[in-house]
Amino acid sequence: MSTLAQEFSKGIFKENPIFRLLLGMCPTLAVSITAINGFGMGVAALFVLLGSNLVIAALRNFIPSKVRIPAYILIIATFVTIVDMVLNAFTPDLHKALGIFIPLIVVNCIILGRAEAFARKNSVARSVIDALGMGVGFTLSLTILGIIRELFGKGSIFGVGVMGSAFEPMGILATAPGAFITLGIMLGFVNFMFKRLGIE
Amino acid sequence: MNLLAIVFVAILANNIVLNQFLGICPYLGVSKRIETSLGMGMAVIFVMAMSGIVTWIVYNYLLEPFGLVYLRTIAFILVIAGLVQLVETILKKTNPTLFRALGIYLPLITTNCTILGVALLNVQAGHNIIQTIVYAIAVAVGFTIALVIMAGIRERLELASVSSFLRGAAVSLVTAGILSLAFMGFKGMMTL
Amino acid sequence: MRNALRMALTLLIIGAICGGLLSVVNGITAPIIKDRADQQFLQALEGFFPDVAKFEVQDINGEEFYSCYDAAGKFMGVVGKVKAKGYGGDIAYDLAVNDTGDIIGMRIGAHNETPGIGDVINKDPFLQKIIGLKFTDPISAGVDVDTTSGATVSTGGMISSIRRVMNVIGENFLGMEVEKAEIDLTKVADGTYTGKARGFKSDITVQVVVSGGKITQIEIVSHDDTPGISDNAIKGMIPKIIEAQSLEVDMVSGATLTSQGIVNAVFEALK
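For the structure given in this document, a descriptive report is provided here.

**Points about the overall build of chain C**
Regarding its fold elements, chain C presents five helices and eight strands. Sequence separation of 24 or more characterises 47% of the internal contacts of chain C that already satisfy a separation of 6 or more. In the structure as shown, chain C presents an accessible area of about 13,700 Å², 54% of it carried by carbon and sulfur atoms.

**So, the interface of chain A and chain C**
Of the residues lining the interface, 19 residues belong to chain A; the matching set on chain C comes to 15 residues. Between chain A and chain C lies a buried interface of about 1,600 Å² when both sides are counted; carbon and sulfur atoms form 82% of it. Of all residues in chain A, Phe62, Thr78 and Met85 of chain A bury the most surface against chain C, accounting for 30% of the area lost on that side. If you look at where chain A meets chain C, you find zero salt bridges. One can count three residue pairs in polar contact (both at pLDDT 80 or more) joining chain A with chain C. Among the elements that make up the side of chain A that touches chain C, the one with the highest residue count is helix H4 (residues 68-90) of chain A (twelve residues). Of the residues contributing to the side of chain A that touches chain C, the split by class is 14 nonpolar, four polar and one charged.

**A closer look at the packing of aromatic side chains**
Aromatic ring pairs are defined here through the distance separating the ring centres and the angle between the ring planes. One pass over the structure, following the stated rule, counts five aromatic pairs over all chains. A ring pair is formed by Phe180 of chain A and Phe21 of chain B, whose centres lie 5.5 Å apart and whose planes are at 50 degrees; its orientation type is tilted. Taken together, the residues span two chains, with Phe180 of chain A in helix H8 (residues 176-197) and Phe21 of chain B in the loop between helix H1 (3-13) and helix H2 (24-30). Under the relative-accessibility criterion, Phe180 of chain A is labelled buried at 0%. Taking the centre distance of 6.2 Å and the plane angle of 70 degrees together, the rings of Trp56 of chain B and Tyr61 of chain B count as edge-to-face. Residue class for Trp56 of chain B comes out buried when judged on its relative accessible area of 16%.

**Comments concerning the packing of helix H7 (residues 124-154) of chain A against H8 of chain A**
Residues and elements named next belong to chain A. Between H7 and H8, the shortest axis-to-axis distance is 11 Å and the interhelical angle comes to 120 degrees. With respect to their mutual orientation, H7 and H8 come out oblique. The crossing of H7 and H8 is right-handed. Taking contact as the criterion, the partners of Ile144, Leu145, Ile148 and Arg149 in H7 are, on H8, Ala179, Thr182, Leu183 and Met186. Split by residue class, the contact of H7 with H8 holds six nonpolar, one polar and one charged.

**Some details on the sheet that holds strand S7 (residues 203-211) of chain C**
Residues and elements named next belong to chain C. One open sheet holds the three strands; their spatial order is S6-S7-S8, and the pairing between them is antiparallel. With one partner strand each, in any of the chains shown, strand S6 (191-198) and strand S8 (214-222) form the two edges of the open sheet. Going from strand to strand, the sheet's axes swing by 25 degrees on average, the running direction of each strand aside. Looking at chain direction, S6 and S7 are connected through eight bridges and run antiparallel. If you follow Ala197 over to S7, its bridge partner there is Ile204.

**A few points about the interface of chain B and chain A**
Residue-level contacts link 36 residues of chain B with 37 residues of chain A. Taken over both partners, the interface formed by chain B and chain A buries close to 3,000 Å², and the fraction arising from carbon and sulfur atoms is 86%. For the chain B face of the interface with chain A, the top three residues by lost area are Phe21, Phe165 and Leu173 of chain B, together amounting to 23%. Here chain B is connected to chain A by zero salt bridges.

**Quick word on empty space enclosed by the protein**
One water molecule sets the probe size; rolling that probe over the atoms shows where empty space is left. According to the stated counting rule, one finds three cavities of 30 Å³ or more in the structure shown. Here the largest cavity defines a volume of roughly 110 Å³. Every residue lining the largest cavity is counted, 17 residues in all, and those nearest its centre are Cys26, Pro27, Val107 and Asn108 of chain A together with Cys113 of chain B. Every element with two or more residues in the lining of the largest cavity is listed here: helix H2 (25-31) of chain A together with H2 of chain B. Among the residues forming the lining of the largest cavity, the class breakdown is 13 nonpolar, four polar and no charged.

**Quick notes on the environment of Val190 of chain A**
Residue and element names in this part refer to chain A. For Val190, the location among the structural elements is in helix H8. Val190 sits in the buried class, given a relative accessible area of 12%. Expressed as a C-alpha distance, the spacing of Val190 and Leu46, which sit 144 residues apart in the sequence, is 22 Å.

Cut-offs applied
Residues numbered from 1 in each chain as written. Chains lettered and ligands numbered in written order. Predicted model: local features only at pLDDT ≥ 70, side-chain atom pairs only at ≥ 80, totals over all residues. Heavy atoms only, no water. Helix = DSSP H or I, 4+ residues; strand = E, 2+ residues; numbered from the N terminus. Contact = heavy atoms within 4.5 Å. Areas by Shrake-Rupley, 256 points an atom, 1.4 Å probe, with all protein chains shown as cover. Buried area = accessible area lost by both parts, 1.4 Å probe. Salt bridge = Lys/Arg side-chain N within 4 Å of Asp/Glu carboxyl O. Polar contact = N/O pair within 3.5 Å; in protein donor to acceptor, adjacent residues only side chain to side chain. Nonpolar A, V, L, I, M, F, W, Y, C, P; charged D, E, K, R; others polar. Phe/Tyr/Trp six-rings, centres within 6.5 Å; stacked < 30°, edge-to-face > 60°. Buried < 20%, exposed > 50% of the residue type's maximum accessible area, 1.4 Å probe, protein only. Axes fitted to C-alpha atoms, helices over the stretch in contact; angles between N-to-C directions. Parallel < 35°, antiparallel > 145°, perpendicular 65-115°, else oblique. Left-handed = near helix turned anticlockwise from the far one by under 90°. Pairing = 2+ DSSP bridges. 1 Å grid on protein atoms, 1.4 Å probe; cavity = no way out; pocket = protein on both sides within 12 Å on 5 of 7 lines; lining within 4 Å. Points joined across faces, edges and corners; volume = space filled by probe spheres on them.

Pasting the structure below:
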């Protein structure tokens, strides 16, 4: 049995959903255009993951295993819709920027994957920690990607200009091809670092 | 509205995978062989058209009249999950050949975000039933084309010597980036 | 049997709880979202008419029009909260017209036009073309406002919608005489008429045969528009006009300018 701290940190390093498990790529590519969008998407997914893991772990003895998938989908979709509504009400600009990728959190493989692989077999406390770790790992990765694309694509970080006026923004990083290429290179870099640091 | 424009935009100018970032997971996962890519593509075309029709009916005759539009995400995903299950069962009974060809891809489709994405986009754009069907099929064809091209490249890529850190997903993503760059060219055609 | 019942019941309970929860959250957030939209509209209203002191709302055919008055109660103009047909569905926008019938502002709200293609309607150059137009201007695609190539459907849709809204505003608020592009066929004597109007590249000449108070035949005498594209317009528009016995027909998309030219030419012939 691993400790709770290990349970938490695995989501950030060893089983980082984006860089290690390659899950949830669609929103990763689409919304990482700026740091704030990446962060917002990460927090939205974190909330859904937390809620669904919590409820599914709590109900794990109550839901018959034959209908568990539809039950999970129902629960996840509910949390997603709540996030959708709350973002629309309180952070309209972010809601507009994330657009269709908010409802699509429903089919984000991370969420259903954690429900199926973890929450239905573990206690509520462990499931919550697992969700926090995965969510934070997802948020961090998205934010880092967002910072890189925003820094070189627009010359700013979190909307604050940092590169000075002499800097010519690399517009390609803000486009679709830029998203793919940046993530690909990041992935290679992370693989390299993990090998160097001896984390497998 | 111009159906031809819908088809052109959905397949080339605004390709669902390369420009809209939907369906990346199956895109990276299933694009290793051309045959499997084609199989997946066919399954997606089939399910996409069906789910487009059903979600359109659910939205326009159930959710909207009763003021339940805010339940659309939950309703659509349930419809899609149910539909995939249904298609699987029916295919198994009536057409074993087709089932053997598409069967293994069907369960993967529930979590393919293109299906839910297209259902939501159709509603957002206010498409009528004809436009919904045309759009759904065009998007799925665009998905298949992107998948098959990628598979063709990856079959070659396996023979190339790539740094061990970049092997697999990393180099596939960079390849997808270059493909996406090529597809951007189609946007220029829109200004003709 | 008991198992199946339990499964169904479990799903039903979860579904009911989820549905209930969502309707509660929706009840909380929906008013906030609506309030903010209203607030944004009010801000826009003040942007168009800085001296606005009060306004009245009037509903015309399902669209809201706000007449604005200054502190002294003087009528300043109208803002319409209206919709146009675009490529990707409806485009909601606000159009502000002052008391002499000039467009003084436009704000594009929600739209789903393809980013980079249809969203030129939200860019400055297009807005510049619209602002300053007068009620008496034709406001017609290709005549005094150009569509943006590559986004003909979106921009063309906006332009014809603006003309329509201008007519509504002119008629209902400014007491302007609206010249209808509609022809009273009962007043047209039988015979053959020729009319000319600008198409995409140059003039389109048409010959219209009227008999028994009906348009029976339309023939394109000459035109200079791109073959292939204009053929669609010709093939599409003529049966449409004859069938509808009216000029209020949908344009052939992809060939909007030629279509509009044909309609205008028929109008010129019969007026």
